[in-house]
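Listed below, chain by chain, are the residues.
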Amino acid sequence: MSGALATTRAGEGAAGLQTAVRIRELTKHFGSGDQRVQALGGINLDLYAGQMSLIVGPSGCGKTTLLSVIAGILNADQGEVTIFGEDVTKMSDRAKTKFRARRIGFVFQQYNLLPALTAAENASIPLVIAGWSKAPAVRKAGEVLTAVGMGKKLQSLPSQLSGGQMQRVAIARALVHDPHLLVCDEPTAALDHDTGLTVMELIRESVVRPDRAVVVVTHDNRVFHFGDRIAHMDDGRVVEIEDRDRHAAA
Ligand SMILES: Nc1ncnc2c1ncn2[C@@H]1O[C@H](COP(=O)(O)OP(=O)(O)OP(=O)(O)O)[C@@H](O)[C@H]1O
């Protein structure tokens with residue numbers, strides 16, 4: 001597909017869209033002394049609601065580190081990350097865990113399904129963690145699984161599913177608690193090309209709503225065209241931002 005493409009310098013914003021993720025002067029190092037590695041070297045980036053944003057760049061440039069800080073899994077050294085107006089970098093670990101459970105959904109390259117649980121039970125986990133009792137949680141998970149094309153596999157175990165089907169279960173699990181932000185780390189990396197495209201389409205359809213945002217880390221350039229905003233990273237920095245008008249005439 002093709003659409004109008006605008007390239008801006010890192011840090012510039014797009015007008016008229018609600019900011020979902022606001023990142024300012026974010027730094028992160030690992031190790032110390034000779035082993036010290038700068039993973040993030042002062043990131044400034046805005047990602048918008050109603051959009052799918054991609055974070056791309058060469059191996060080791062800091063993509064997963066950035067996604068982990070956005071998702072509140074990893075603490076930054078310095079800087080600020082606000083998610084729909086809430087500053088995760090200022091939260092206590094306890095508050096962050098609660099915030100994550102309520103507001104964020106996760107999809108990873110590895111599906112991380114529990115092998116002894118059915119598809120519906122796996123997808124219900126965030127609701128059970130949020131305090132739902134099992135029967136309504138599994139029922140709700142069944143609805144979301146049906147919406148992602150897995151209605152006939154609710155009782156299947158992960159070992160009975162293909163990679164693409166397992167990723168659909170993982171997507172249903174990520175969406176079941178109706179998060180505002182969906183973060184995906186290489187969601188297509190373990191899938192063949194066509195299945196990868198279907199999964200990206202599904203993620204896009206499921207989350208691109210005015211009050212929701214999705215951020216995908218990927219090195220798979222075959223899925224770049226799904227992005228509304230593409231942040232290119234190199235050596236711990238955002239070096240270029242592409243904004244694509246998906247509705248523009250080809
Ligand atoms: N836990 C860690 N301990 C030490 N160094 C780390 C750790 N995690 C990441 N790094 C280093 O930080 C830098 C950024 O890593 P990161 O995993 O964020 O990159 P990436 O762009 O996601 O790479 P890839 O595409 O290969 O997954 C790399 O130099 C990496 O070796």
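Residues numbered from 1 in each chain as written. Predicted model: local features only at pLDDT ≥ 70, side-chain atom pairs only at ≥ 80, totals over all residues. Heavy atoms only, no water.

Chemist: What am I meant to see in helix α5 (residues 134–147) here?
Modeler: Spacing of three or four residues puts side chains on the same side of an α-helix, whose turn is 3.6 residues. Its 14 residues give α5 an end-to-end C-alpha distance of 20 Å, which sits within 8% of 20 Å, the value for a rise of 1.5 Å per residue. Turning to α5, its buried residues number three or more, namely A137, A141, G142, V144 and L145. Looking at the buried side of α5, the elements it contacts are α3 (119–123), α4 (125–129) and α6 (163–175). One or two positions beyond α5, positive phi appears at G149, with a value near 80°. (Helix = DSSP H or I, 4+ residues; strand = E, 2+ residues; numbered from the N terminus. Expected span 1.5 Å × (residues − 1). Buried < 20%, exposed > 50% of the residue type's maximum accessible area, 1.4 Å probe, protein only. Contact = heavy atoms within 4.5 Å.)

Chemist: In this structure, what is going on with the confidence of the model for the protein chain? I would like to understand it.
Modeler: Do not read the fine detail of predicted coordinates wherever pLDDT is low. Averaged over every residue, the pLDDT of the protein chain is 89; residues scoring 70 or more account for 92%. Looking over the protein chain, one finds the lowest element-wise mean pLDDT in strand β1 (residues 4–8), namely 50, and the highest in α3, namely 98. Note on residues 8–13: pLDDT is under 50 here. Beyond four places in sequence and across chains, it has 12 contacts. With pTM at 0.88, the complex prediction returns an ipTM value of 0.97. (pLDDT = per-residue confidence, 0-100.)

Chemist: Looking at this structure, how should I read the environment of A141?
Modeler: Secondary-structure assignment places A141 in helix α5. Residues A141 and L154, spaced 13 residues apart in sequence, show a C-alpha to C-alpha distance of 8.8 Å. If we ignore the near neighbours within four places in the chain, the residues touching A141 are A120, A123, S124 and V176.

Chemist: Honestly, the packing of aromatic side chains in this entry has me stumped. Any pointers?
Modeler: To describe a pair of aromatic rings, you give the distance between the ring centres and the angle between the ring planes. According to the stated counting rule, one finds one aromatic pair in the structure shown. Measuring from centroid to centroid gives 5.9 Å for F106 and F108, while their planes differ by 5°, and the two rings are stacked. Relative accessible area serves as the criterion here: at 30%, F108 is assigned to the partly exposed category. (Phe/Tyr/Trp six-rings, centres within 6.5 Å; stacked < 30°, edge-to-face > 60°.)

Chemist: Help me understand the pairing of strand β2 (residues 19–30) in this model?
Modeler: Looking along a regular strand, one sees side chains alternate from face to face of the sheet. Strand direction decides the pairing type here: β2 and strand β3 (residues 37–48), joined by nine bridges, are antiparallel. Note that in β3 the partner of R22 across the bridge is D46. Joining the antiparallel neighbours β2 and β3 is a turn of six residues, in which G31 adopts a positive phi near 70°. Of the pairings in the sheet, the one linking β2 to strand β5 (residues 78–83) comprises five bridges and is antiparallel in character. Considered in β5, the bridge of I23 is made with V81. (Pairing = 2+ DSSP bridges.)

Chemist: I keep staring at unusual backbone geometry and nothing clicks. Help me out?
Modeler: The general pattern is negative phi for most residues beyond glycine and trans for most peptide bonds. If you check the backbone angles, E25 has positive phi at about 50° while not being a glycine. With respect to the secondary-structure elements, E25 resides in strand β2. We note that D178 has phi near 55°; this positive angle belongs to a residue other than glycine. In this structure, D178 sits in the loop between α6 and β8 (181–185). Its relative accessible area of 42% is what places D178 among the partly exposed residues.

Chemist: Help me out: how do you make sense of the site of the ligand in this one?
Modeler: In the vicinity of the ligand, the contacting residues are F30, V37, A39, P58, S59, G60, C61, G62, K63, T64 and T65. Measuring from an oxygen atom of the ligand, one finds a side-chain N or O atom of S59 at 2.5 Å. Between an oxygen atom of the ligand and a main-chain N or O atom of G60, the distance comes to 2.8 Å. The biggest single contributor to the shell around the ligand is helix α1 (residues 63–70), with three residues. When grouped by side-chain class, the residues that make up the shell around the ligand number five nonpolar, five polar and one charged. (Near = heavy atom within 4 Å. Polar contact = N/O pair within 3.5 Å; in protein donor to acceptor, adjacent residues only side chain to side chain. Nonpolar A, V, L, I, M, F, W, Y, C, P; charged D, E, K, R; others polar.)

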